[in-house]
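Structural features, examined
This is what each chain is made of:
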Amino acid sequence: MMSPKTAQIRLMSSHPEVYEPCDDSFALVDALLADRTNILDHCPRLCLEVGCGSGYVIASLALMLGQELPGVYYFATDINPHALRVTRETLDAHAVDAELMCMDIASGLEKRLAGMVDVMVVNPPYVPTPDYEVGREGIASAWAGGENGRSVIDRILPVADRLLSDKGWLYMVTLTTNDPSQICLLMRKKGYASRIVVQRSTEEESLHIIKFWRDSDIQLDTKEILTTNKSVPARVKDSLISQFSQLSFCRGTNSNCL
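Structure report, in brief.

About the thresholds
Residues numbered from 1 in each chain as written. Predicted model: local features only at pLDDT ≥ 70, side-chain atom pairs only at ≥ 80, totals over all residues. Heavy atoms only, no water. Helix = DSSP H or I, 4+ residues; strand = E, 2+ residues; numbered from the N terminus. Buried < 20%, exposed > 50% of the residue type's maximum accessible area, 1.4 Å probe, protein only. Contact = heavy atoms within 4.5 Å. Areas by Shrake-Rupley, 256 points an atom, 1.4 Å probe, with all protein chains shown as cover. Salt bridge = Lys/Arg side-chain N within 4 Å of Asp/Glu carboxyl O. Core = buried A, V, L, I, M, F, W, Y, C linked by side-chain atoms within 4.5 Å. Axes fitted to C-alpha atoms, helices over the stretch in contact; angles between N-to-C directions. Parallel < 35°, antiparallel > 145°, perpendicular 65-115°, else oblique. Left-handed = near helix turned anticlockwise from the far one by under 90°. Nonpolar A, V, L, I, M, F, W, Y, C, P; charged D, E, K, R; others polar. Expected span 1.5 Å × (residues − 1). Polar contact = N/O pair within 3.5 Å; in protein donor to acceptor, adjacent residues only side chain to side chain. 1 Å grid on protein atoms, 1.4 Å probe; cavity = no way out; pocket = protein on both sides within 12 Å on 5 of 7 lines; lining within 4 Å. Points joined across faces, edges and corners; volume = space filled by probe spheres on them. Pairing = 2+ DSSP bridges. Right-handed = clockwise from strand over helix to strand, strands pointing away.

Some thoughts on the overall build of the protein
Scanning the protein from terminus to terminus reveals nine helices and seven strands. Expressed as a percentage of its 258 residues, the buried residues of the protein come to 51%. Expressed as a percentage of contacts within the protein between residues at least 6 apart in sequence, the contacts between residues at least 24 apart total 74%. As displayed, the protein has an accessible area near 12100 Å², and 51% of this comes from carbon and sulfur atoms.

See the structure below:
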């Protein structure tokens, strides 16, 4: 059996103001590959990438699903217009297609695609920077994440909640500095379970690709917490902290965050 295809670096388009595929991009695609069988069984009809950059991730997703899941709709957004031109060239070079839109996160899609996205992938600006660098034009928009690298991530989470379908899955790149256990906890309060799909350490950073999905049991717990004004149980917080403090155990596993 042939291995699933992903976008080829030699066919990637580029621009000096567009973030090129790097360790975080490769880790996100590896996470999608690791979960590919589940995604195929999931039968998504609509996939969205927020912050498409070079187009490497959305092109790879379309390639790895395309032959076995024809008829899937792919969308991608980026605040950088140069990125959309590069993504279009990358998609064309790989003979796949997606609808591309220039916007901040998914500001123009929240009504159009509300509750419709089955797979959402995000490699957000996660590098800790001064807040004034967030949202700047050009390539800086790809990495400037503000204090703790969370400024953009914290804006993406509620958008994802509005866009994802009842069976929707979110795959997000996070850095240790972003406090991924707290991100999981924030999503738990919205009724989402989560797990690390890929954990990868480089010389400069420790990356976690986290998958989120709605969980009916967690939604019931959350409803009880909201109606009784209870806080999240300490055991849940302890579990999250433990998960991210034992990264050597998580490496290359599908261990549950929750």
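Having seen the model, we can carry on.
Observations regarding the pattern of salt bridges
Taken as a whole, this structure holds 11 salt bridges when the rule is applied. The shortest N-O distance in the salt bridge between D104 and R155 comes to 2.6 Å. Note that D104 is positioned in the loop between β3 (99-102) and β4 (117-122) and R155 in helix α5 (residues 151-163), a separation of 51 residues in sequence. R214 serves as the salt-bridge partner of D161, at 3.1 Å between the closest nitrogen and oxygen. Placement of D161 in helix α5 and of R214 in strand β7 (residues 206-214) is noted, with a sequence separation of 53 residues between them.

Observations concerning the nonpolar core
Residues L61, Y74, M120, L170, Y171 and F212 are the most contacted members of the largest nonpolar core, which totals 68 residues. Broken down by element, the residue count for this core peaks at nine residues, all from helix α3 (residues 56-66). Setting aside anything within four residues of it in sequence, one finds Y171 in contact with L28, L32, D35, I39, V119, M120, V121, V122, V197, I210 and K211.

What to know about unusual backbone geometry
Its identity as a non-glycine residue notwithstanding, N148 has a phi of 60°, on the positive side. Summarising the element assignment, N148 is placed in the loop between β4 and α5. Among the residues examined, N148 registers a relative accessible area of 41% and is labelled partly exposed. Phi is positive for D179, close to 60°, though the residue is something other than glycine. Secondary-structure assignment places D179 in the loop between β5 (164-175) and α6 (180-189).

Re the packing of helix α1 (residues 23-34) against α3
Between α1 and α3, the least distance of the axes is 10 Å, while the angle of their chain directions is 20°. It follows from the interaxial angle that α1 and α3 lie roughly parallel. In the crossing of α1 with α3, the sense of the turn from one axis to the other is right-handed. Of the residues in α3, those in contact with S25, F26, L28, V29, L32 and L33 of α1 are Y56, V57, S60, L61 and M64. Among the residues making up the contact of α1 with α3, the classes are represented as nine nonpolar, two polar and no charged.

Side note on α1
Since the α-helix advances by 3.6 residues per turn, residues separated by three or four positions end up pointing in the same direction. Its 12 residues give α1 an end-to-end C-alpha distance of 16 Å, which sits within 8% of 16 Å, the value for a rise of 1.5 Å per residue. Buried within α1 we find D24, S25, A27, L28, V29, A31 and L32. Where α1 is buried, its residues meet α2 (36-42), α3, β4, β5, β6 (192-201) and β7.

Quick notes on α3
For α3, a buried count of 10 out of 11 residues is recorded, marking the element as mostly surrounded by other parts of the structure. Along α3, the positions that sit buried rather than exposed are Y56, V57, I58, A59, S60, L61, A62, L63, M64 and L65. Looking at the buried residues of α3, the elements they touch are α1, α2, β1 (46-50), β2 (73-78), α4 (81-93) and β4.

Concerning the side chain of Q199
If you trace the backbone, Q199 turns up in strand β6. Of the residues examined, Q199 reaches a relative accessible area of 4% and is grouped as buried. A distance of 3.2 Å separates the side chain of Q199 from the side chain of S201, its partner in a polar contact. Separated by 2.9 Å, the side chains of Q199 and S206 make a polar contact.

Some points on the layout of surface pockets
In this approach, a probe sized like a water molecule rolls over the atoms, and the result shows the empty space that is left. For the largest pocket, the calculated volume is near 670 Å³. Lining of the largest pocket is provided by 43 residues; of these, N123, P125, S141, A142 and W143 occupy positions nearest its centre. Those elements giving two or more residues to the lining of the largest pocket turn out to be α1, β1, α3, β2 and α5. Classifying every residue of the lining of the largest pocket by side-chain character gives 23 nonpolar, 11 polar and nine charged.

Observations regarding the pairing of β4
Counted residue by residue, β4 has six buried out of six residues, so it is predominantly covered. Two elements, β4 and β5, share five bridges in a ladder whose sense is parallel. Bridge assignment links V117 to a residue of β5, and that residue is L164. Of the crossover connections in this fold, the one passing from β4 over α5 to the parallel β5 is right-handed.

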